[in-house]
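# Structural description and commentary
For reference, the chains in residue letters:
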Amino acid sequence: MATINVYTEYTPNPATMKFLVNKLLINGSLDYPDREKAQDSPFARELFKFNFVNGVFFASNFVTITKTDDAEWEDIEGILKDFVKGAVESELKVQEIARDEDVNFEGTETEIKIQQILHDYVRPAVEQDGGAIHYKSFEEGTVVVELRGSCSGCPSSTITLKAGIEGLLKRMVPEVQEVVAEAM
């Protein structure tokens, strides 16, 4: 068995930390914003047993963990790092039944173009910060997206959304007038 290495990265959201491993955990992404939603994920269920874990998000080779307000990263980072290493080494499943996340864009030509841009340009950047973005809809010039992982509740997500994503989409798709995030 190869040695599993875990390293951490701070994210723009002070309540979340990204735990990266040198192994693919999942194709696509899964968000467990609370304990109740984690029933199909043995890995997330175990993380939620820590009373300081408030959310769990998986994508490719990392898990982003949201802590409770009363916990300090300096007190829990080592504990979580050891847990993630052990969970990956013991091959604890991210989800009971693996589902591949196929990339299928649907809708009008404009909607497909928006989804393609979000997938090709925005998704990789957002994943670097431990989050995910999902296209919801496009109506009357407004693109609605859903932010997950470290992006959900992040103080700088509004700036990212307006200055970054909205600016990019307006330049590349003239029909886009604004981008808004839908609360989960």
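Residues numbered from 1 in each chain as written. Predicted model: local features only at pLDDT ≥ 70, side-chain atom pairs only at ≥ 80, totals over all residues. Heavy atoms only, no water.

## Comments concerning the side chain of Thr64
Formally: Helix and strand labels come from DSSP, where a helix needs a run of H or I of at least four residues and a strand needs a run of E of at least two; each type is numbered from the N terminus. To sort residues, take the accessible area from a 1.4 Å probe on protein chains only and compare it with the maximum for the residue type: under 20% means buried, over 50% means exposed, and anything in between is partly exposed. Any two residues whose heavy atoms approach within 4.5 Å are treated as being in contact.
Here Thr64 lies in strand E5 (residues 62-67). On the basis of relative accessible area, Thr64 is assigned to the buried category, the value being 1%. Residue contacts for Thr64: discarding those within four places in its chain leaves Thr16, Met17, Lys18, Gly55, Val56, Phe57, Gly130 and Ser150.

## Digging into the sheet that holds strand E3 (residues 29-32)
Test applied: Only strands joined by at least two bridges in the DSSP assignment are considered to pair. Each axis is a line fitted through C-alpha atoms, taken for helices only over the stretch in contact, and angles between the N-to-C directions span 0 to 180 degrees.
Taken in spatial order, the five strands make up an open sheet running E1-E2-E5-E4-E3, and their pairing is antiparallel. Across the chains shown, the open sheet's two edge strands, defined by having one partner strand only, are strand E1 (6-10) and E3. Along the sheet, successive strands turn relative to each other by an average axial angle of 20°, direction set aside. Against the sheet, helix H2 (residues 73-89) contacts E1, strand E2 (16-21), strand E4 (53-59) and E5, and its axis sits at roughly 30° relative to E2.

## Overview of the packing of aromatic side chains
Definition in use: A pair of Phe, Tyr and Trp rings is counted when the ring centres sit within 6.5 Å of each other, with Trp represented by its six-membered ring. The angle between the planes then sorts it: under 30 degrees is stacked, over 60 is edge-to-face, the rest tilted. For a ring to carry a charge above it, either NZ of a lysine or CZ of an arginine must fall within 6 Å of the ring centroid while also lying within 35 degrees of the normal to the ring plane.
Taken as a whole, this structure holds six aromatic pairs when the rule is applied. Consider the rings of Tyr32 and Phe58, whose centres lie 6.2 Å apart with planes at 75°: the pair is edge-to-face. Here Tyr32, found in strand E3, pairs with Phe58, found in strand E4; they are 26 residues apart in sequence, far enough to count as distant. With respect to burial, Tyr32 and Phe58 carry one shared label: buried. Here the aromatic rings of Phe57 and Phe62 are separated by 6.3 Å at their centres, their planes lie at 45°, and the arrangement is tilted. The pair Phe57 / Phe62 is uniform in exposure class, with both members buried. Lying across the ring of Phe62, Lys18 places its NZ or CZ 4.5 Å from the centre.

That's the geometry; what it means functionally is another story.
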